[in-house]
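Summary of structural features
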Amino acid sequence: MSAGYHATRLAEDARRSTVWRTLWQHHFRHRIAPSDCVLDLGAGYGDFINNVTAARRIAVDLWPDMTQHLDPGVEALVGSADALDSIADGTVDYAFSSNLFEHLTQESVAKVLVSLNRVLSDRGQLTLLQPNYRYAYREYWDDYTHVTAWSHESLPDFLQAHGWEVTDVRPRFLPLSVKSRLPTWPILIAAYLKAPVKPLGKQMLITARPIR
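Residues numbered from 1 in each chain as written. Predicted model: local features only at pLDDT ≥ 70, side-chain atom pairs only at ≥ 80, totals over all residues. Heavy atoms only, no water.

Of all 8 residues that make up strand S7 (residues 203-210), 7 are buried, and the element is covered over most of its length. Two elements, strand S5 (residues 120-131) and S7, share 6 bridges in a ladder whose sense is antiparallel. Within the sheet, the bridge partner assigned to Thr 127 lies in S7 and is Thr 207. Where strand S6 (residues 164-174) and S7 come together, 7 bridges link them in antiparallel fashion. Within S7, the position partnered with Val 169 by the bridge is Ile 206. (Buried < 20%, exposed > 50% of the residue type's maximum accessible area, 1.4 Å probe, protein only. Helix = DSSP H or I, 4+ residues; strand = E, 2+ residues; numbered from the N terminus. Pairing = 2+ DSSP bridges.)

Moving on to the sheet that holds strand S1 (residues 37-41). Note: strands within a sheet are paired through backbone hydrogen bonds, in either parallel or antiparallel orientation. Taken in spatial order, the 7 strands line up as S3-S2-S1-S4-S5-S7-S6 in an open sheet, and their pairing is mixed. The open sheet has two edge strands with one neighbour each: strand S3 (74-78) and S6. The mean inter-strand angle of the sheet, taken between neighbouring strand axes irrespective of direction, is 15°. On top of the sheet, helix H3 (residues 106-119) reaches S1, strand S4 (92-98), S5, S6 and S7; it is set at about 145° to S5, its chief contact. (Axes fitted to C-alpha atoms, helices over the stretch in contact; angles between N-to-C directions. Contact = heavy atoms within 4.5 Å.)

Okay, helix H5 (residues 154-161) next. Three or more residues of H5 are buried, namely Leu 155, Pro 156, Phe 158 and Leu 159. Here the buried residues of H5 occupy an arc of 160° about the axis, which is enough to place them on one side. Buried residues in H5 make contact with H3, S5, S6 and S7. Gly 163 sits one or two positions beyond H5 and adopts a positive phi of about 85°. (Arc of directions from axis to C-beta.)

As a further point, take the pairing of S1. The element S1 is extensively covered by neighbouring structure, given that 5 of its 5 residues are classed as buried. Alternating positions in S1 separate into two faces, Cys 37, Leu 39 and Leu 41 on one and Val 38 and Asp 40 on the other, with burial throughout. Sheet analysis places S1 next to S4, joined by 4 bridges and oriented parallel. Each residue of the ladder has a partner; that of Leu 41, found in S4, is Ser 97.

Nonpolar side chains tend to gather and get buried jointly when the protein is soluble and globular. Membership of the largest hydrophobic core comes to 32 residues, with the highest contact counts inside it found for Leu 39, Leu 41, Phe 101, Leu 116 and Leu 159. Breaking this core down by element, the ones donating at least two residues are S1, strand S2 (56-61), S4, H3, S5, H5, S6 and S7. The contact partners of Leu 39, leaving out residues within four places of it in the chain, are Ile 58, Val 60, Leu 84, Ile 87, Val 92, Tyr 94, Ala 95, Phe 96, Leu 116 and Val 119. (Core = buried A, V, L, I, M, F, W, Y, C linked by side-chain atoms within 4.5 Å.)

Next up on the list: the environment of Thr 53. You can see Thr 53 is positioned in the loop between S1 and S2. A C-alpha to C-alpha distance of 9.1 Å links Thr 53 and Trp 24, two positions 29 residues apart in sequence.

This part covers the pattern of salt bridges. Summed over all chains, the structure comprises 8 salt bridges. In this structure, Arg 123 engages Asp 36 in a salt bridge whose closest nitrogen and oxygen atoms are separated by 2.7 Å. Of this pair, Arg 123 sits in strand S5 while Asp 36 is found in the loop between helix H2 (14-26) and S1, placing the two residues 87 residues apart along the sequence. Given a relative accessible area of 2%, Asp 36 falls into the buried group. As a salt-bridge pair, Arg 209 and Glu 165 come within 3.0 Å of each other at their nearest N and O atoms. One end of the pair, Arg 209, is in strand S7; the other, Glu 165, is in strand S6, with 44 residues separating them in the sequence. Take Arg 209: its relative accessible area is 41%, and that puts it in the partly exposed class. Several salt bridges converge on common partners, so that one network encompasses Asp 36, Asp 93 and Arg 123. (Salt bridge = Lys/Arg side-chain N within 4 Å of Asp/Glu carboxyl O.)

Once that is clear, we can look at a nonpolar patch on the surface. Where nonpolar side chains cluster on the molecular surface, the patch consists of Tyr 133, Tyr 137 and Trp 141 and spans about 310 Å² of accessible area. As for its position among the elements, Tyr 133 is in helix H4 (residues 133-140). The exposure class of Tyr 133 is partly exposed, given its relative accessible area of 31%. (Patch = residues over 30% accessible without salt bridge, like charges linked within 9 Å, V, L, I, M, F, W, Y side chains within 5 Å. Areas by Shrake-Rupley, 256 points an atom, 1.4 Å probe, with all protein chains shown as cover.)

Quick look at the structure:
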């Protein structure tokens, strides 16, 4: 993404850090072991990976300024999400990506999956947090860099067609953006995550692992 994109569509926002810190506390820390190697694709400002507690943390993004926002100890790889040559085979235990695949063509996503298949360990898994076109179709194309529409039906199908087992699909995991008027108080985020019904949820969470 260009510097202009980060200045307009994805400006730095303290609320985003609050959201990710709360998501780590109430969701992701239960799925990532302290001994794990964690890979964040499309890391941006590092809001996810900076909050992770793990033995090794790797952040990947095309945006060169990503390096300025990463905490000490986070390894930075400036480049494409499918250019993971510097990561050894089978060394990543948990791969994560937030709001990336909608910016890629299906062909590019397929290449990313091939790269991930190589670097993931035998117990490795991939979790994707994505706008769900089924519920966010009105806003989806407001971002001029979106090129592919994904829903909680189409993305799991795509993963399965490319040799992945989908283990978890949550169609309405979170609201669409911190730009909304919804408050980002940690106590409300925690309550939202536990709520059985999420009518404002427009982002899906999908977890999968390669079939070998």
